[in-house]
Amino acid sequence: MSDERKVPQIEPSWLAVLGDAFDEPYMLNLRAFLVEEKRRHEVYPPGKDIFAAFWATPFDKVRVVILGQDPYHDTGQAHGLCFSVRPGVAVPRSLHNIFKEIESDLGIAPPDHGCLLHWAHQGVLLINTVLTVRAHAPASHAGKGWESFTDRVIVELNRRRDGLVFALWGAHAKDKARSVDRGRHTVLTAAHPSPLSAASGFFGCRHFSKINAILQKQGTPPIDWGLPRHRTPLG
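First things first, this report covers the structure right here in the doc. As the structure is a computational prediction, the values presented were derived from the model and not from experiment. Per chain, residues are indexed from 1 in the order of the written sequence. Side-chain atom pairs in this predicted model are given and counted only at pLDDT of 80 or more, local residue features only at pLDDT of at least 70, and totals for whole chains, interfaces and linings cover all residues. With hydrogens and water excluded, all non-hydrogen atoms of the structure serve as input to the side-chain values.

## What to know about the overall build of the protein chain
In step 1: A tally of helices and strands in the protein chain yields eight helices and six strands.
In step 2: For the protein chain, the succession of helices and strands along the chain, N to C, is α-α-β-α-β-α-α-β-β-α-β-α-β-α.
In step 3: At 17 Å, the protein chain has a C-alpha radius of gyration in line with the 18 Å of a compact globule built from 235 residues.
In step 4: On the principal axes, the C-alpha backbone points of the protein chain span a range of 45 × 40 × 35 Å.
In step 5: With a 1.4 Å probe rolled over the protein chains alone, any residue whose accessible area is under 20% of its type maximum counts as buried; one over 50% counts as exposed, and the rest are partly exposed. By residue count, 54% of the 235 residues in the protein chain fall in the buried class. Only DSSP runs of H or I reaching four residues or more are called helices, and only runs of E reaching two or more are called strands; each is numbered from the N terminus. With the radius of gyration taken over C-alpha atoms, the globule rule is written as 2.2 Å times the number of residues to the power 0.38.

## Thoughts on the packing of aromatic side chains
In step 1: A pair of Phe, Tyr and Trp rings is counted when the ring centres sit within 6.5 Å of each other, with Trp represented by its six-membered ring. The angle between the planes then sorts it: under 30 degrees is stacked, over 60 is edge-to-face, the rest tilted. Counted under the stated rule, the structure contains 16 aromatic pairs.
In step 2: Seen in terms of ring centroids, W119 and W225 are 4.9 Å apart; in terms of plane orientation they differ by 85°. Their pairing is edge-to-face. Taken together, the residues span a long stretch of sequence, with W119 in helix 5 (residues 117–120) and W225 in the segment after helix 8 (207–217) at a distance of 106 residues. Of the two residues, W119 and W225, both sit in the buried class.
In step 3: Put simply, the rings of W14, F22, F51, F54, F59, W146 and F149 pair up and form one aromatic cluster.
In step 4: For a Lys NZ or an Arg CZ to count as sitting over a ring, it must be within 6 Å of the ring centre and within 35 degrees of the ring normal. Here the guanidinium or amino end of K100 rests over the ring plane of F203, the centre of that ring lying 4.9 Å away.

## Quick notes on helix 2 (residues 25–40)
In step 1: Residue count minus one, scaled by 1.5 Å, sets the expected span of a helix. Taking 1.5 Å as the rise per residue, helix 2 with 16 residues should run 22 Å; its terminal C-alpha atoms sit 23 Å apart, in good agreement.
In step 2: Of the residues making up helix 2, those classed as buried are M27, L30, F33, L34 and E37. All buried residues of helix 2 project into a common sector of 115° when viewed along the axis, lining one side. Facing away from the buried side of helix 2, by more than 90 degrees, are the exposed residues P25, N29 and R39.
In step 3: Residues of helix 2 that are buried make contact with strand 1 (43–44), strand 4 (133–134) and helix 6 (146–160). In this context, the arc is that of the directions from the helix axis out to the C-beta atoms. Pairs of residues are marked as contacts when any of their non-hydrogen atoms sit within 4.5 Å.

## Considering unusual backbone geometry
In step 1: Across the junction of Y44 and P45, the peptide omega takes the value -10°, indicating a cis bond.
In step 2: Inspection of the secondary structure assignment puts P45 in the loop between strand 1 and helix 3 (52–56).
In step 3: Even without being glycine, F83 reaches a positive phi, approximately 70°.
In step 4: Take F83: it is sitting in the loop between strand 2 (64–68) and helix 4 (93–106).

## Some points on the packing of helix 2 against helix 6
In step 1: Packing of helix 2 against helix 6 brings their axes to within 9 Å, and their N-to-C directions diverge by 135°. The orientation of helix 2 with respect to helix 6, classified from their angle, is oblique. Regarding helix 2 and helix 6, the two cross each other, and that crossing is left-handed. When helix 2 is examined against helix 6, the residues Y26, M27, L30 and L34 are found in contact with a partner set consisting of W146, S148, F149 and R152.
In step 2: The residue classification treats Ala, Val, Leu, Ile, Met, Phe, Trp, Tyr, Cys and Pro as nonpolar and Asp, Glu, Lys and Arg as charged. All others, Gly included, are polar. Grouping the constituent residues of the contact of helix 2 with helix 6 by class yields six nonpolar, one polar and one charged. Fitted lines through C-alpha atoms give the axes, limited to the stretch in contact for helices. The angle between two N-to-C directions lies from 0 to 180 degrees. Here the word oblique covers every angle except those under 35 degrees (roughly parallel), over 145 (roughly antiparallel) and from 65 to 115 (roughly perpendicular). Left-handed is the label given to a crossing in which the near helix is rotated counterclockwise from the far helix by less than a right angle, and right-handed is the label when the rotation is clockwise.

## Let's talk about the environment of P221
In step 1: Examined against the element boundaries, P221 turns out to sit in the segment after helix 8.
In step 2: According to the relative accessible area criterion, P221 is exposed, its value standing at 55%.
In step 3: When the C-alpha positions of P221 and Q122 are compared, they lie 9.2 Å apart, and in sequence the two are 99 residues distant.
In step 4: With residues up to four places along the chain from it excluded, the contact list for P221 reads R63 and L215.

## Remarks on the pattern of salt bridges
In step 1: Any carboxyl oxygen of Asp or Glu that lies within 4 Å of a side-chain nitrogen of Lys or Arg is treated as forming a salt bridge with it. A complete count under the given rule lists 13 salt bridges for this structure.
In step 2: The partner of R229 in a salt bridge is D112, and the shortest N-O contact between them spans 3.2 Å. Placement of R229 in the segment after helix 8 and of D112 in the loop between helix 4 and helix 5 is noted, with a sequence separation of 117 residues between them.
In step 3: Owing to a relative accessible area of 59%, R229 belongs among the exposed residues under this scheme.
In step 4: By relative accessible area, which is 45% here, D112 ends up partly exposed.
In step 5: Among the ionic pairs, D162 bridges to R184, the shortest N-O distance being 2.9 Å. Taken together, the residues D162 in the loop between helix 6 and strand 5 (165–169) and R184 in the loop between helix 7 (171–174) and strand 6 (186–190) connect sequence positions 22 residues apart.

Here it is in structure tokens:
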């Protein structure tokens, strides 16, 4: 979030449904927290990338929502899409486990990079419940206001769209299911793909084939879960 602007640079279709959220007390408090946090610590992702997922997948293009917990907290990893890293950055363990599950589920071999922009451009909104983190301090920005903002994201998608598939991974993401009308949308839940929990319900969830089966039943194209070998990093 920019220190100079109350309303950050966010994709226009999302701004149309979320714009008033930036005037809410929780967002004003969050902005003040981030200003101070950035003064004292390194914060990820960089400010220009905090809302990158919304630019990559405009509101009316969303077909699938994958929800994680908070951004990667090591240097050079987070770039605004949950679980994704830019080309040339080593694939984190959680993403390695995601690729492992895709291979088991669909027979798609793991790619040579971890940039998930290809998914986002097909309508997969890749967001975390919390959109920023202090360097090397997981969950350090939990409880500061982001959860209310991402609640609003889910509420607006639930209210204004139909037939979406929500893949909620981990306890923090599963909490968002309360905002989804299961009569109009599909909710899939699993353990977080972290090495600490993947074996407790992420491996074997088969969410990727399930998502495609749901989309095809609705008469829309499946997601290509493979990744092209060469990606252009987000600007």
